[in-house]
Number of protein chains: 2
Amino acid sequence: MPVGTQGTVKTVGSEDLEALGFEQVLSNTYHLSLRPGSKLIENIGGLHHFMSWNRSILTDSGGYQVMSLSNTRTIDDSGVKFKSHLDGSFQFLSPERSIEIQGELGVDISMSLDECPAFPCTRDEAANAMRRTHLWAPRNLQSAKVGQAVFGIVQGGVHEDLRTESAGFISSLPFDGIAIGGVSVGEPTEMQYPVVAHTAPLLPPDKPRYLMGVGHPKDILHAVSHGIDMFDCVLPTRMARHHTIYTLNGRVNALGKKWSEFDGPFDEQSVFPHTERYSAAYIRHLFKAGEPLGGRLATLHNLAFYARLMREIRDAIETGSWPDLVARYAIA
Amino acid sequence: MPVGTQGTVKTVGSEDLEALGFEQVLSNTYHLSLRPGSKLIENIGGLHHFMSWNRSILTDSGGYQVMSLSNTRTIDDSGVKFKSHLDGSFQFLSPERSIEIQGELGVDISMSLDECPAFPCTRDEAANAMRRTHLWAPRNLQSAKVGQAVFGIVQGGVHEDLRTESAGFISSLPFDGIAIGGVSVGEPTEMQYPVVAHTAPLLPPDKPRYLMGVGHPKDILHAVSHGIDMFDCVLPTRMARHHTIYTLNGRVNALGKKWSEFDGPFDEQSVFPHTERYSAAYIRHLFKAGEPLGGRLATLHNLAFYARLMREIRDAIETGSWPDLVARYAIA
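Overview of the structure. Predicted model, so just to flag it, every value in this text is computed and none were measured.

**Observations regarding the packing of aromatic side chains**
Residues and elements named next belong to chain A. Under the defined criterion, the tally for this structure stands at 16 aromatic pairs over all chains. A network of ring pairs unites the aromatic residues Y246, F305, Y306 and Y329 as a single cluster. K81 extends its terminal NZ or CZ atom over the ring of F90, reaching a point 5.2 Å from the ring centre.

Encoded structure:
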């Protein structure tokens, strides 16, 4: 899923995402509820209509943004009271309210409000966040409208026993899908991989498994090899705006002098319809000149790169050519 | 002509400009010669290839930017010595060098280097700028490569006798087209219109007549009624980035509260393919949230509005329905 935090994937329109072949985007409950407001979006016909996107939308619960964006917040078992980062107004988010907002947005998949501890945290902090996540889990489910899918979220930090306990509890509830939360929160890869490898196989085989906030192509391949189905990540779009281009030869800096007169693509093996008419030299020039088209073309390229990765993952699973695929993206 | 100062019309790609139906864009000698450099663009195959635009390109001479962007400059009959606004390096622009740069860019229409006096200026300043423009005019022509079209530029400020003298002199030289310069430099409309009305009819009927830097739809209609054929203006694109939308009911501020829940277009009579799927409420939200897609959608709308204006101008000339057209755009 490309990330469209505020009801838009930065620099591209829905027509671009359709042409790139994406089937689902992620948007954000915290941001949309503060601006323009979930009631406004409901009144206007829902988020699909608002952003002119008739494919699937998943929203995260807003819990992560409450932690990362609001500097004044108090959390207890009832929910989180916080100050809006926009106007300083006091706001309250609970499992019930988060699911209600996502219902007003009218999205296809709602994520449960959980407590995602910061990294690093103590074992006690991880255990307490898990305890509250479990307390809230059924309240999320009970707040859903008829037809509103809700995913549960497994917490437990980097502790295998907590992850086992959390996977067991969340899987026991009638969620429509299960996510692994609390990864990609700043921890190094060598701490992320064991959590995924340990937790993913504990999830029910008949429900979608979603690894939140991951990641680099190799992280996605690792996670898929352990059974993960769904991903969202800001990397392709955020990296693009910071002039970083994904290629099969690794990420490249579009500002590099080597591209200044290079009348070809950054990667001969990664040429996509949206951007193939533009050379590396031109895209470098756009970035050097501060032109907005630079970020757009890089975004289109990186999204096309990720869309192809996901297509090739599906193909490789069907055809059994997994090792070739892993080798192909080894340094991407 | 949409304005693509640095080899790109801000926020849109060549595929967008093609879809909008534009046949020519304007780019800029001053900017491109400083960054990425005209030799680099020549080496890579010319500006058409560089920006992937195989329709027509006109470049302005760079003279206007030398005056407006460089705070250190000395001008004499040999040319202009100035400091780059990018790195402070000393640069020199003469008629010969300007036309040479435009030849390196490989554009379809080169503009002569002229001296465009600031507004306001004294009659002596206007006369001196005209004198130097005339001195330079043949040197521009003589510097062109075979097949490189060059337009001359009429100066003379707001003084009818100077404009008459300049139109006569410039028209006597074998330019491929004639431009009226020194308008749209900050003067009020009531000073601009008489200059256009006086000067345009003095130009040769068998060559394209180009009014540089104009303007609002009503300014364009006024100028066409006096015989002008070609225009460039940053208004549709610059206004768009400042959330101003052209409509047949006048320009509107997309941030206006009235649009916050408005699930329709800003103007029912101005709905264009590129942007018709997005409501005024959504575009307002994008601007309020600081999202780059806002500027892009507004740019696409405004460019489509201007493209239609120019199509309707051609149609009205052919069908004789000019008064209806003027009424239609009276408050746009």
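The structure having been displayed, the exposition proceeds.
**As for the relation of the copies chain B and chain A**
When chain B is fitted to chain A, the residual RMSD is 0.0 Å, and the transformation amounts to a turn of 180 degrees plus an axial shift of 0.0 Å. The superposition operator between the copies reduces to a two-fold rotation axis. Interface overlap between copies is the fraction of interface residues in one copy that are interface residues in the other; for chain B against chain A it reaches 100%, indicating a shared surface.

**Brief notes about the interface of chain B and chain A**
In this assembly, 36 residues from chain B lie in contact with 36 residues from chain A. For the pair chain B and chain A, the summed buried surface comes to about 3300 Å²; carbon and sulfur atoms form 49% of the total. Counting across the interface, chain B meets chain A through 6 salt bridges. Between R277 of chain B and E18 of chain A there is a salt bridge, with its nearest N and O atoms 2.6 Å apart. Counting the contacts that link chain B with chain A gives 22 residue pairs in polar contact (both at pLDDT 80 or more).

**Details of unusual backbone geometry**
All names here are of chain A. Following F119, the chain continues into P120 via a peptide bond in cis, with omega recorded as -5 degrees. One can find P120 in the loop between β6 (109-111) and α7 (123-142). Positive phi outside glycine occurs at T11, with the angle close to 80 degrees. Mapping T11 onto the fold places it in the segment before α1 (14-20). Here T11 falls in the buried class, since its relative accessible area comes to 7%.

Definitions and limits used
Residues numbered from 1 in each chain as written. Chains lettered and ligands numbered in written order. Predicted model: local features only at pLDDT ≥ 70, side-chain atom pairs only at ≥ 80, totals over all residues. Heavy atoms only, no water. Phe/Tyr/Trp six-rings, centres within 6.5 Å; stacked < 30°, edge-to-face > 60°. Lys NZ or Arg CZ within 6 Å of the ring centre and 35° of its normal. Least-squares fit on C-alpha atoms with pLDDT ≥ 70 in both. Contact = heavy atoms within 4.5 Å. Buried area = accessible area lost by both parts, 1.4 Å probe. Salt bridge = Lys/Arg side-chain N within 4 Å of Asp/Glu carboxyl O. Polar contact = N/O pair within 3.5 Å; in protein donor to acceptor, adjacent residues only side chain to side chain. Helix = DSSP H or I, 4+ residues; strand = E, 2+ residues; numbered from the N terminus. Buried < 20%, exposed > 50% of the residue type's maximum accessible area, 1.4 Å probe, protein only.

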